[in-house]
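Per-entry structural report
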Amino acid sequence: MELVPNDTLKTATPQEGRELAIKMARLVIKATQPDAEVRERLRPIYAESPDSLIAIGQVVATEFATIAAANDYWR
């Protein structure tokens, strides 16, 4: 599960940090439900659920906050 070269949270820009946060959130989902067939079966259910979509947004936001802190908020 390689996130970035050298397994670092350091990114050059906030946009790269955002992209890394999305990737990390996807990896969390994959680690939580490793069966690809089950994930595919569930996707239509959560794709139509506002609560599920908000929840994944919160996961991405948490990952992004972690990355931002690791990058000293790109100062």
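Now for a quick tour of the structure. (Residues numbered from 1 in each chain as written. Predicted model: local features only at pLDDT ≥ 70, side-chain atom pairs only at ≥ 80, totals over all residues. Heavy atoms only, no water.)

Section: helix α2 (residues 36-47)
Between the first and last C-alpha of α2 there are 16 Å, a value that for 12 residues agrees with the 16 Å anticipated at 1.5 Å per step. The backbone nitrogen of glutamate 37 lies 2.9 Å from a side-chain oxygen of the residue at the head of α2, namely aspartate 35. (Helix = DSSP H or I, 4+ residues; strand = E, 2+ residues; numbered from the N terminus. Expected span 1.5 Å × (residues − 1). Polar contact = N/O pair within 3.5 Å; in protein donor to acceptor, adjacent residues only side chain to side chain.)

Here's the deal with the pattern of salt bridges
Across all of its chains, the model carries one salt bridge by this definition. A salt bridge links arginine 43 to glutamate 40; the shortest N-O distance between them is 2.7 Å. Here glutamate 40 and arginine 43 lie together in helix α2, a separation of three residues that amounts to about one turn. For arginine 43, a relative accessible area of 35% translates into the label partly exposed. (Salt bridge = Lys/Arg side-chain N within 4 Å of Asp/Glu carboxyl O. Buried < 20%, exposed > 50% of the residue type's maximum accessible area, 1.4 Å probe, protein only.)

Notes on the nonpolar core
Looking at soluble globular proteins, one finds that nonpolar side chains tend to be buried together. One finds Leu20, Ala21, Met24, Ala25, Val60 and Ile67 forming the largest nonpolar core, which totals six residues. Broken down by secondary-structure element, the contributors of at least two residues to this core are α1 (14-32) and α3 (50-70). When residues in this core are grouped by element, the largest group, four residues, is from α1. (Core = buried A, V, L, I, M, F, W, Y, C linked by side-chain atoms within 4.5 Å.)

Description of the packing of α1 against α3
To describe two helices that pack against each other, one gives the angle between their axes and the distance between the axes. Direction vectors running N to C along α1 and α3 enclose 125°, while the axes themselves pass 8 Å from each other. The angle between the axes of α1 and α3 places the two elements in the oblique class. The handedness of the crossing between α1 and α3 comes out as right-handed. Taking contact as the criterion, the partners of Pro14, Gly17, Arg18, Leu20, Ala21, Ile22, Met24, Ala25, Val28 and Ile29 in α1 are, on α3, Ile56, Val59, Val60, Glu63, Phe64 and Ile67. Its residues assigned to classes, the contact of α1 with α3 comprises 13 nonpolar, one polar and two charged. (Axes fitted to C-alpha atoms, helices over the stretch in contact; angles between N-to-C directions. Parallel < 35°, antiparallel > 145°, perpendicular 65-115°, else oblique. Left-handed = near helix turned anticlockwise from the far one by under 90°. Contact = heavy atoms within 4.5 Å. Nonpolar A, V, L, I, M, F, W, Y, C, P; charged D, E, K, R; others polar.)

Description of the side chain of glutamate 63
Residue placement: glutamate 63 occurs in helix α3. No salt bridge is formed by the buried glutamate 63. Its closest oppositely charged neighbour is arginine 26, at 12 Å. Not counting the four nearest positions on each side in its chain, glutamate 63 is found in contact with Ala21, Met24, Ala25 and Val28. (Lys, Arg positive; Asp, Glu negative; His and termini not counted.)

What to know about a nonpolar patch on the surface
Taken together, the side chains of Leu42, Ile45, Tyr46 and Leu53 make up a nonpolar region of the molecular surface, amounting to roughly 360 Å² of accessible area. With three residues, the top contributor of residues to the nonpolar patch is α2. Mapping tyrosine 46 onto the fold places it in helix α2. Its relative accessible area of 33% is what places tyrosine 46 among the partly exposed residues. (Patch = residues over 30% accessible without salt bridge, like charges linked within 9 Å, V, L, I, M, F, W, Y side chains within 5 Å. Areas by Shrake-Rupley, 256 points an atom, 1.4 Å probe, with all protein chains shown as cover.)

Nothing here speaks to function; it is all geometry.
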